[in-house]
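Understanding the architecture of this molecule
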Amino acid sequence: MLNILIVGNGQCGNRILDAINKEAFGGKSKFAKFYSQQKYKSKVETIAINTAINDLKELSFTKAKDRIHIPHLHGVGANRTLGKSVFEDNKSHIMRNIEERGNFDVGFVITSASGGTGSSFTPPLIKEIKEKHDFPVYAVVVLPFREEGTLYLQNAAFCLKEIRDSGVDGIILADNQFLKQIGGNVQSAYNTINDMIARRILFLLDALDSEMMMVTDLGDFKTVMSGGAGLATIGFYEAEKGMNIKTTIQKALSPNGLLFSTDVYKEGSRAMVIIKGDKSYLSIDEISSEVEKLSSSVGHVFKGIIVRKGEAPQVLVVLTLEAAEELENLYSVAVDAIHQEREKKTRIEEQKEIDKAFSKIDGLEPNY
Amino acid sequence: MVQFKNICLLMLTLALVSLVFTGNACAKDRFNESIQEGDGYQINTIVIDVAEVFVSADSCVFIVYDEGNEIENKMISSDQTITFTAEGETIEVTLLSVSEGILPQATVSITITHDDDDVYLKQEVKGGHEKATYPGTPSLEITKEVSSYTVDQGEVVTIKVTARNKGDGKATEVRFSDPKPTGFILQEILLEETGQMTIDKYETRTIFLYKLQANEAGTFEFQPTRASYSNEADMDFPEAVSNIPVITVTDTGKNARKVAELEFSTSIESSSVKRNDEVEVVINIKNQGDSSANGVVLNIHLPEEVEYKGSNSNIEIINGMPKAYLETFGLNQEKEIKFVIKPTELGTYTITTDYSYQYEDGVSPDRQEVTGEFTTSTIDVARGDLDSVIEQPWYVIAIPLLIIVAIAGWIFHRSRQYRF
């Protein structure tokens, strides 16, 4: 049994973590925690960290003892510099809380790249964990909607870079901009995205600790994640009624199944395909032909099959990327955002000149 | 022999001492005062004026007034005494000495021998008797009037009690008592001055005004209305007593024997109830006779399977039995007695009540007593809503309860785990 640590940083990370905990109860009902037990295959410890206490209070499926409030007014207000300072002040408290939970075989840190607490806490937190422990740590990073504003875009750019530099063992990308195709209002879109990410991570955890017909384990996952440019994404699809396994694999690799916009066959570096379902659906020929097709483009593909009686086929693909055109686009937009912010600051400085002009008549009275 | 003498001497001494104390029924008040010429000394309504002082002659002229009327005028020398009687008391005035001053003055000793604490005022009066004031003597006269001295049985008479202060002082701390006559029923009180009051001199005030219904034939002598009172100097006066009206009530029934005939009826809120349901039972009582009943007692006999739950009427539980008691029950009077019961077992029940009361028939010298009993209609008690549950074996109730408690405990535990 694996010992797995999952940390959710900031509001986005907290909510995805809560969605994972909810999904682990196996039910959609908000009362599932009262009548069900979490069905983690491994020994999973979850920790939600936030500076905004209200965000922590919103969580429903994460135990109170697993919620760490870092008191700093009501958040850091998307200011990463402030956020990093707050983390430094509370680092020992956070690390002590992690260490009290024992040793781990693998860790995941989930965060939004654009926000305040999550984007500023995650890089130094991963760095701290990596310095003190030898288990692999993977970051699950959610990229912002491009129209969310210049502050969020520049935060995302710097956050992603700092996470890469923190010694992380791999970054799994999920892009809100790409996932907004699922439609609905903002709240339901966020909830759906959180549920999508949660379901994929839970599937992955389940697969890493399951007895399989064809085995993929944590070692395989590490190998896959070490390939490419250190960036990865996850594709997933659950077959509809009558859908064969071949189509299901193709759907998992299509934009509808992926968390990040990429051309799998052009930008993929290594992959792990995990297939779960009743054996009646699992045609070896179909599986082999699709896996071969993928491996001919990306190089090496690890393949795992979990037989679950009566279940419809589900496919999860972990894909590391050599290149990410969409990420380059994001950084282009982020650079524009940084310039915009700089110009704005300059304008504010000019405003201060105007203030100086006004201050010249301080203490004088008009004469008539 | 010597011892016998000593004992006799001791007994004689004790007898004399006891005579001194027991024989001193009258008290004495003694005042020593220095009074200037022209001033006086007042004891109640008596003023002793020091009219003239002759220092050279060591003598003094005293003039004594009772409410302004001169009753004594005498000149005496030092150590001489004037003795006179006023208000039934003996007053002695002894001139002790005279002396010079802006005005000459006399030092006198005044002794009053009296039976009780009758001295309610004693003071020096500057200016003598002409400046003295008197508290006055109130005198209450109470008149008790009736609207008619001859009435038929059942007729109503009005009683009016007035008080007049015909004295020359205000009556204070006045309290009236007015006992009601037998043979009459109080119908209505129109006026009733109660509590302590004052009545100014020459004031006339109506104290009581009420109506009585003649209940029995005969000649009835009313008890008088009485009043106790004092004057402004807190001197108590003899109780004032009203006249005693006598009313003759004629028998309209031509001396027929009268009877108090109480009619009892019962009603039950519901004749068919479930076990452990509460049911209200009403006993209606009506006096259909021509005499009032006294000492009406109801003993309510409840079956063992029926519990008494309470009442808004005057029902008391005595030795486990609900009982109602009514002091009097007038002509044509009606009353409802309500109480609530709870049948605890299945079955059909009735409630029996035995009663007793007394009345005067106007002929016999003794009171007549009536006893009897009455019974309610039947109450059918069926199975209650929870009977089927209660009749189950204990574990049929206990196991679901335990499960509910366990679930509640689990939900509480989980809520605590997830509450932040």
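The structure this text deals with has already been given above.
Report on the accompanying structure. All figures in this text were calculated on a predicted structure; none of them were measured in a lab.

**A closer look at the overall build of chain A**
Per the secondary structure count, chain A includes 13 helices and 10 strands. The C-alpha radius of gyration computed for chain A amounts to 23 Å, which stays within 12% of the reference 21 Å derived for 368 residues, consistent with globular compactness. Oriented by its inertia axes, the alpha-carbon framework of chain A measures out at about 100 × 45 × 40 Å. The proportion of buried residues among the 368 residues of chain A is 54%. In chain A, once contacts between residues fewer than 6 apart in sequence are set aside, the share between residues at least 24 apart is 80%.

**Side note on the interface of chain A and chain B**
In this complex, chain A contributes 17 residues to the contact, which on the side of chain B involves eight residues. When the area that chain A buries against chain B is broken down by residue, the three leading residues are Phe34(A), Lys63(A) and Ala64(A), summing to 50%. Remark: the boundary between chain A and chain B carries zero salt bridges. Counting the contacts that link chain A with chain B gives six residue pairs in polar contact (both at pLDDT 80 or more). Every element with two or more residues in the side of chain A that touches chain B is listed here: helix H2 (32-35), helix H3 (53-57) and strand E3 (67-69) of chain A. Of the residues contributing to the side of chain A that touches chain B, the split by class is seven nonpolar, five polar and five charged.

**What about the pattern of salt bridges?**
Under the counting rule described, the total for this entry stands at 32 salt bridges over all chains. For Asp165(A), the salt bridge goes to Lys161(A), with nearest N and O atoms at 3.3 Å. You can see Asp165(A) and its partner Lys161(A) sitting in helix H6 (residues 150-165), four residues apart, about one turn around the helix. The class for Asp165(A) is exposed, based on a relative accessible area of 56%. A relative accessible area of 49% places Lys161(A) in the partly exposed class. Its salt-bridge partner being Lys338(B), residue Glu336(B) comes within 3.8 Å of it at the nearest N-O pair. Taking the relative accessible area as the measure of exposure, Glu336(B) reaches 42% and is therefore partly exposed. Here Lys338(B) falls in the partly exposed class, since its relative accessible area comes to 26%.

Rules and cut-offs
Residues numbered from 1 in each chain as written. Chains lettered and ligands numbered in written order. Predicted model: local features only at pLDDT ≥ 70, side-chain atom pairs only at ≥ 80, totals over all residues. Heavy atoms only, no water. Helix = DSSP H or I, 4+ residues; strand = E, 2+ residues; numbered from the N terminus. Rg over C-alpha atoms; globule rule 2.2 N^0.38 Å. Buried < 20%, exposed > 50% of the residue type's maximum accessible area, 1.4 Å probe, protein only. Contact = heavy atoms within 4.5 Å. Buried area = accessible area lost by both parts, 1.4 Å probe. Salt bridge = Lys/Arg side-chain N within 4 Å of Asp/Glu carboxyl O. Polar contact = N/O pair within 3.5 Å; in protein donor to acceptor, adjacent residues only side chain to side chain. Nonpolar A, V, L, I, M, F, W, Y, C, P; charged D, E, K, R; others polar.

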